[in-house]
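In case you want the letters, here they are:
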Amino acid sequence: MEFVEAFRMAWTALRTNRLRSGLTLLGMVIGVFAIISSVTAVKVIDVYFRESMNFLGSSTFTISRYPSIRVSNEQFAYRRPITYEQIERLKRSLSQPVFISILEDFDLGAVRYGDRETEPNVQLLGTDENFLENFSYELAEGRFITAQDVHYARPVIVLGSVIAEELFPNETPLGKVVRFGGHRYEVIGVLKTKGSFLGFSQDRRVLIPITTAFARYGQPDRNLAAVSVRVSSPERLGAAMDEVISKFRIIRKVPPGQPNDFEISTNDSMRSVFEAFTRTLSIGGAGIGLIALLAAGIGIMNIMLVSVTERTREIGIRKAVGARRRDILRQFLLEAFFLCQIGGLVGILLGALGGNLVAVYFDISAVFPWDWALGGMLLVTLVAVVFGSYPAFKAARLNPIEALRYE
């Protein structure tokens, strides 16, 4: 009953001074909000990248000129382009049964069919016959680019699902001739819907044979955007990577003892790099929030010291009618506890909503950081105990006679 009564009195004291309580809460809310919002936003992006990077699969790795995540290209400026000719030599030199696919961006424009035309934001990509399996795409209808299409540089094209819907809403696009950048292409297939990645549609793209793209856009020695290598089973991945690295070093004439002038990335390696990056962001956001919480804790202590001074006479009356030190101590600690818990809960809710604005913006799944939310509640409880103890002990130690004389 004593504990229940202490709760009631603490709650009544906070309600009586709503403005002061609200201003005290604001600092706590800001501190918790800074932690939870930053962590939630990073967690949203982290979960999305985990799901999106699954396109690599457990049997696939990529070859690239630069690391997937980097601060700048200055330290890699010496690296030469990875060219189509080098990849063709690599294919011929490998003894491991692998499937290599190339993907390169050549143009951005509009696709036309008769009097219909898309927005001028369609990507024209050059690729080969292994694209579907290596990059986890599927066909909705028709066929994909074949090795013969690549060998003979045929003017054929595969449409993304959005492009097919815009140009051919009521008819099949197969066999039709479309135009892109002044060139004619025969439609041979349509891809299934892939969705968006960080707000960028993966369905507003068209694909043609890489050799056709070189014939029409030139620059066969350009650096390739993506080179994917797929093995038949995950067990062969290590051996295939070792052989690719060995043969590609020879092709690119990397001197013995020198580091590779290209990158080999797997799903796991890309994920670990990104996790390290997001962990740093989380720690940075949490650090800012902890500083705000420290300031809020000091604010709570100052406000409670003012409250002790204002309620000195009340404390004297309570002691005069039988209240013990632990009763006064309990009441003031509970007031600090209430302030911190309410501020913590509001900060967590606002932080989760604010952090998930990233999910709304990029149209991806929302998350809630349960571990950080629980940690936040424990942290605000610690703040209540640490910063509420001194005012509570000061109130409990007041001499009842002197307190009653206080004006």
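Residues numbered from 1 in each chain as written. Predicted model: local features only at pLDDT ≥ 70, side-chain atom pairs only at ≥ 80, totals over all residues. Heavy atoms only, no water.

Remarks on the overall build of the protein chain
In step 1: On a plain count of helices and strands, the protein chain comes out with 14 helices and 14 strands.
In step 2: For the protein chain, with 407 residues in total, the buried portion stands at 47%.
In step 3: Within the protein chain, counting contacts between residues at least 6 apart in sequence, those at least 24 apart form 79% of the total.
In step 4: Surface accessibility of the protein chain: about 20,600 Å² in total, with carbon and sulfur atoms responsible for 60%. (Helix = DSSP H or I, 4+ residues; strand = E, 2+ residues; numbered from the N terminus. Buried < 20%, exposed > 50% of the residue type's maximum accessible area, 1.4 Å probe, protein only. Contact = heavy atoms within 4.5 Å. Areas by Shrake-Rupley, 256 points an atom, 1.4 Å probe, with all protein chains shown as cover.)

With respect to helix α7 (residues 210-217)
In step 1: Listed as buried for α7 are I210, T211, T212, A213 and F214.
In step 2: Against the buried residues of α7 lie α3 (84-93), β2 (98-109), β5 (122-127), α5 (147-151), β9 (183-191) and β12 (205-209).
In step 3: Where α7 ends, the next residue or the one after it, G218, has phi of about 70°, a positive value.

Points about the environment of I35
In step 1: For I35, the position within the fold is in helix α2 (residues 18-52).
In step 2: Spatially, the C-alpha atoms of I35 and G376 are 8.1 Å apart, while their sequence positions differ by 341 residues.
In step 3: If near-sequence neighbours (up to four positions away) are discounted, I35 is found in contact with G285, A286, G289, L290, L293, W372 and L379.

Examining the layout of surface pockets
In step 1: When its volume is computed, the second largest pocket comes out at roughly 170 Å³.
In step 2: Taken together, V39, V42, K43, D46, T278, R279, S282, D371 and W372 make up the lining of the second largest pocket.
In step 3: The element contributing the most residues to the lining of the second largest pocket is α2, with 4 residues.
In step 4: When the residues that make up the lining of the second largest pocket are grouped by side-chain class, the tally is 3 nonpolar, 2 polar and 4 charged. (1 Å grid on protein atoms, 1.4 Å probe; cavity = no way out; pocket = protein on both sides within 12 Å on 5 of 7 lines; lining within 4 Å. Points joined across faces, edges and corners; volume = space filled by probe spheres on them. Nonpolar A, V, L, I, M, F, W, Y, C, P; charged D, E, K, R; others polar.)

What about the environment of T266?
In step 1: Within the secondary structure layout, T266 lies in strand β14 (residues 263-266).
In step 2: Sequence separation between T266 and T62 is 204 residues; the distance between their C-alpha atoms is 6.5 Å.

Regarding the environment of I163
In step 1: Counting through the fold element by element, I163 comes out in helix α6 (residues 161-167).
In step 2: On the basis of relative accessible area, I163 is assigned to the buried category, the value being 0%.
In step 3: For the pair I163 and R205, spaced 42 residues apart in sequence, the C-alpha to C-alpha distance is 7.4 Å.
In step 4: If we skip the residues at most four places from it in the chain, I163 touches V111, T118, V122, D203, R204, R205 and V206.

What to know about the nonpolar core
In step 1: I63 and V206 are the most contacted members of the largest nonpolar core, which totals 57 residues.
In step 2: It is helix α8 (residues 237-251) that contributes the most residues to this core, 6 residues altogether.
In step 3: Contact partners of V206, with chain neighbours within four places excluded, come to V111, V122, Q123, L124, L125, I157, V158, L159, G160, I163 and F180.
In step 4: One finds M28, I36, I315 and A336 within the second-largest nonpolar core, a separate group that totals 27 residues. (Core = buried A, V, L, I, M, F, W, Y, C linked by side-chain atoms within 4.5 Å.)

Side note on the pattern of salt bridges
In step 1: Scanning all chains against the criterion turns up 14 salt bridges.
In step 2: Here R112 and E117 are joined by a salt bridge, their closest N and O atoms 3.3 Å apart.
In step 3: The partner of E171 in a salt bridge is K176, with the nearest N and O atoms 3.7 Å apart.
In step 4: Residue class for E171 comes out partly exposed when judged on its relative accessible area of 31%. (Salt bridge = Lys/Arg side-chain N within 4 Å of Asp/Glu carboxyl O.)

Focus on the packing of helix α11 (residues 325-355) against helix α13 (residues 370-396)
In step 1: Relative orientation of the contacting elements α11 and α13 amounts to 150°, with a least axis distance of 8 Å. Between α11 and α13, the angle falls in the class roughly antiparallel. Both α11 and α13 take part in a crossing whose hand is right-handed. Along its contact with α11, which presents R325, I328, L329, F332, L333, A336, F337, C340, Q341, G344, L345 and I348, the element α13 presents A373, M377, V380, T381, V383, A384, G388, S389, A392, F393, A395 and A396. (Axes fitted to C-alpha atoms, helices over the stretch in contact; angles between N-to-C directions. Parallel < 35°, antiparallel > 145°, perpendicular 65-115°, else oblique. Left-handed = near helix turned anticlockwise from the far one by under 90°.)

Quick notes on the packing of aromatic side chains
In step 1: Applying the stated rule across the entire model yields 9 aromatic pairs.
In step 2: Ring centres of Y84 and F214 lie 5.4 Å apart, and the angle between their planes is 55°; this geometry places the pair in the tilted category. Of this pair, Y84 sits in helix α3 while F214 sits in helix α7; the two residues are 130 residues apart in sequence, bridging distant segments of the chain.
In step 3: Geometrically, the ring pair formed by F131 and F144 is stacked, given 5.6 Å between the ring centres and 15° between the ring planes. (Phe/Tyr/Trp six-rings, centres within 6.5 Å; stacked < 30°, edge-to-face > 60°.)

Re the side chain of R79
In step 1: Tracing the backbone shows R79 in the loop between β1 (60-64) and α3.
In step 2: Polar side-chain contacts of R79 include one of 2.9 Å to the side chain of E263.
In step 3: For R79, the residues in contact, after removing those within four places along its chain, are R65, Y66, P67, N260, D261, F262 and E263. (Polar contact = N/O pair within 3.5 Å; in protein donor to acceptor, adjacent residues only side chain to side chain.)

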